[in-house]
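Here is how the chains run, residue by residue.
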Amino acid sequence: MGKKNRMWEELPIVPPLEPRQTTAAELALQEENDQRRIGLYQLKRKYSSVSEHRKRTTSTFSTFLPLRWSSPQSILFE
C-alpha cells in the first residue's frame, strides 16, 4: 500500500494591489528637479555655440604665440 498523494487546496485568484500614490512632498521634489533640469538644458543650449567655437580656435599652440614670433625657438635666441 503506497502513500496518499498530497492534495493542495484551491485558492481564489486575488486582484493585483493598486499602485502606490505619490505624496505631496514627492511631487514637489519632482517638480523642483524638473525645473533644475530645464534650466541646465537651456544653459547648455545657450552656450553650446560658444564652447564649440572655443574648441575649434584653441586647438594648437601657435594660437597663443604673438604674431611677430614664428616659432618657440625664436623666443629663446633673441
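See the structure printed just above.
Novice: How would you sum up the overall build of the protein chain? Please name residues and give values.
Specialist: In terms of regular secondary structure, the protein chain is built from two helices and zero strands. A total of 78 residues make up the protein chain; the buried ones form 1% of that total.

Novice: Give me a nonpolar patch on the surface: which residues, what numbers.
Specialist: Together, Leu 40, Leu 43, Tyr 47 and Val 50 make up an exposed nonpolar region whose accessible area comes to about 400 Å². As for its position among the elements, Leu 40 is in helix H1 (residues 24-57).

Novice: Describe the pattern of salt bridges, with residues and values.
Specialist: The final tally for this structure, using the stated rule, is two salt bridges. When the shortest N-O distance is used, the salt bridge between Arg 20 and Glu 26 registers 3.3 Å. The exposure class assigned to Arg 20 is exposed, which follows from its relative accessible area of 64%. With its nearest N and O atoms 3.1 Å apart, the salt bridge here joins Arg 36 to Glu 32. One end of the pair is Arg 36 and the other is Glu 32, both in helix H1 and four residues apart, which spans about a single turn. Of the residues examined, Glu 32 reaches a relative accessible area of 45% and is grouped as partly exposed.

The rules behind the values
- Sequence order as written defines the numbering, with residues in each chain counted from 1.
- Only residues with pLDDT of at least 70 are given local features in this predicted model, and only at 80 or more are side-chain atom pairs given and counted; all residues enter the totals for whole chains, interfaces and linings.
- As a convention, hydrogens and water are excluded, and side-chain values are obtained from all of the structure's heavy atoms.
- Under the DSSP-based scheme used, a helix requires at least four consecutive residues in state H or I and a strand at least two consecutive residues in state E, with every element numbered from the N terminus.
- Under the scheme applied here, a residue whose accessible area is under 20% of the maximum for its type counts as buried, over 50% as exposed, and between as partly exposed, the area being computed with a 1.4 Å probe on protein chains only.
- Only residues whose relative accessible area exceeds 30% and that take part in no salt bridge are eligible for patches, with like-charged residues grouped when within 9 Å of each other and nonpolar side chains (Val, Leu, Ile, Met, Phe, Trp, Tyr) grouped when within 5 Å.
- Here the Shrake-Rupley method, with its probe set to 1.4 Å, supplies the accessible areas, and only the displayed protein chains count as covering residues.
- Basic side-chain nitrogens of Lys or Arg form a salt bridge, by our definition, when they fall within 4 Å of a carboxyl oxygen of Asp or Glu.

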